Amino acid sequence: MFTHTHALQYEAKPDGPDPDFARKMQEILGGQWGEMTVATQYLLQGWNCRLPGKYKDLLLSIGTEELAHVEMIVTMIDRLLDHIPLKPDAADRTKEAAAGYGQHNPQHPIQNGAGASYMDSMGNPWSGAYVTASGNLMADFMYNATAEMQGRLQVARLYNMTDDPGVKDMLRFLLTRDHYHQQQWLHATEELKADGLEGIPVPEAFPLEEEVGDLGYTFIDASDGPEAASGRWANGPSYDGRSTYTARPIEATADAPILPPGDPRLYPTPQTDTKNLLQKAKDMLT
């Protein structure tokens with residue numbers, strides 16, 4: 001069950017209109033790493049979670065907070081679109097409308113009536129394909145940390161693209177919450193390990209004896225860069241604590257593939273003899 005409070009979690013009020021920056025802000029609303037993605041992602045992970053308790057509650061709580069951020073960004077975009085110029089010559093008539101007619105998003109006035117939409121800064125529609133909910137909490141929490149890092153990176157870039165004090169104030173709030181959420185998801189991955197629920201590699205329950213040789217602990221050097229194997233990923237104890245890393249050059253272990261002629265009904269090059277193919281099919285049925 002959801003309820004809504006009209007008051008915003010944090011103020012979203014620019015000092016003046018700016019349709020160009022409204023377009024830029026669409027990225028953190030409806031882009032791949034925007035608030036629509038993280039809000040629906042965390043909620044979907046939470047609704048799908050089959051483990052009652054703190055992890056499910058965490059997902060649902062943070063997903064709901066992210067919905068509050070969606071409303072804040074929509075509100076900011078709407079206010080940035082006040083007095084949006086409808087014609088090129090109108091952009092110079094008033095100080096309020098002088099913010100870059102040529103850079104505004106025409107969908108804002110045409111499709112949305114000077115309002116925000118679930119699209120990115122280039123007008124591409126937001127997609128549920130951006131959302132990941134695998135059912136494995138370790139995999140999902142790791143991905144959630146990445147989402148917060150990418151999101152904070154984009155907000156930080158936007159912060160340097162405006163001089164509007166009101167906009168910058170709201171962006172500082174989003175940067176601060178993304179800072180916390182990065183830490184939150186990384187702590188959650190560690191707690192999964194401490195609780196004995198999940199570990200590395202994901203999925204931890206898959207039997208390691210099914211893996212091929214020692215390749216789970218081997219850095220394969222497939223580049224002529226001299227430093228590729230000099231990092232921690234190629235030397236010392238493994239991250240999962242089960243072995244020691246080694247490094248070796250890439251090598252071929254299988255023969256070069258030679259494919260048979262293709263099905264003539266698909267018109268490949270080369271084609272097989274249709275008669276022989278039909279005869280083989282008949283022979284298989286008899």
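To be clear, the structure that these remarks concern was listed above.
Reading the values: the criteria
Residues numbered from 1 in each chain as written. Predicted model: local features only at pLDDT ≥ 70, side-chain atom pairs only at ≥ 80, totals over all residues. Heavy atoms only, no water. Helix = DSSP H or I, 4+ residues; strand = E, 2+ residues; numbered from the N terminus. Buried < 20%, exposed > 50% of the residue type's maximum accessible area, 1.4 Å probe, protein only. Lys, Arg positive; Asp, Glu negative; His and termini not counted. Salt bridge = Lys/Arg side-chain N within 4 Å of Asp/Glu carboxyl O. Polar contact = N/O pair within 3.5 Å; in protein donor to acceptor, adjacent residues only side chain to side chain. Contact = heavy atoms within 4.5 Å. Axes fitted to C-alpha atoms, helices over the stretch in contact; angles between N-to-C directions. Parallel < 35°, antiparallel > 145°, perpendicular 65-115°, else oblique. Left-handed = near helix turned anticlockwise from the far one by under 90°. Nonpolar A, V, L, I, M, F, W, Y, C, P; charged D, E, K, R; others polar. Phe/Tyr/Trp six-rings, centres within 6.5 Å; stacked < 30°, edge-to-face > 60°.

1. Considerations on the side chain of E198
By secondary structure assignment, the location of E198 is in the loop between α7 (165-194) and β1 (218-221). For E198, which is buried and forms no salt bridge, the nearest opposite charge comes from R242, at a distance of 9.2 Å. A polar contact is formed between the side chain of E198 and the side chain of N136, at a distance of 3.3 Å. Dropping the residues within four chain positions of it, E198 is found in contact with N136, M138, L192, K193 and E204.

2. Notes on the packing of helix α6 (residues 137-159) against α7
Their axes nearest at 9 Å, the elements α6 and α7 cross at an angle of 160°. Our classification of the angle between α6 and α7 gives roughly antiparallel. Regarding α6 and α7, the two cross each other, and that crossing is left-handed. Considered class by class, the residues forming the contact of α6 with α7 number 17 nonpolar, six polar and six charged.

3. Regarding the packing of aromatic side chains
The tally for this structure, following the rule as stated, stands at six aromatic pairs. Ring centres of W33 and Y143 lie 6.0 Å apart, and the angle between their planes is 40°; on these two criteria the pair is classed as tilted. Residue W33 is found in the loop between α2 (27-30) and α3 (35-48), and its partner Y143 is found in helix α6; the two are separated by 110 residues along the sequence. Residue classification places W33 among the buried residues on the basis of a relative accessible area of 18%.

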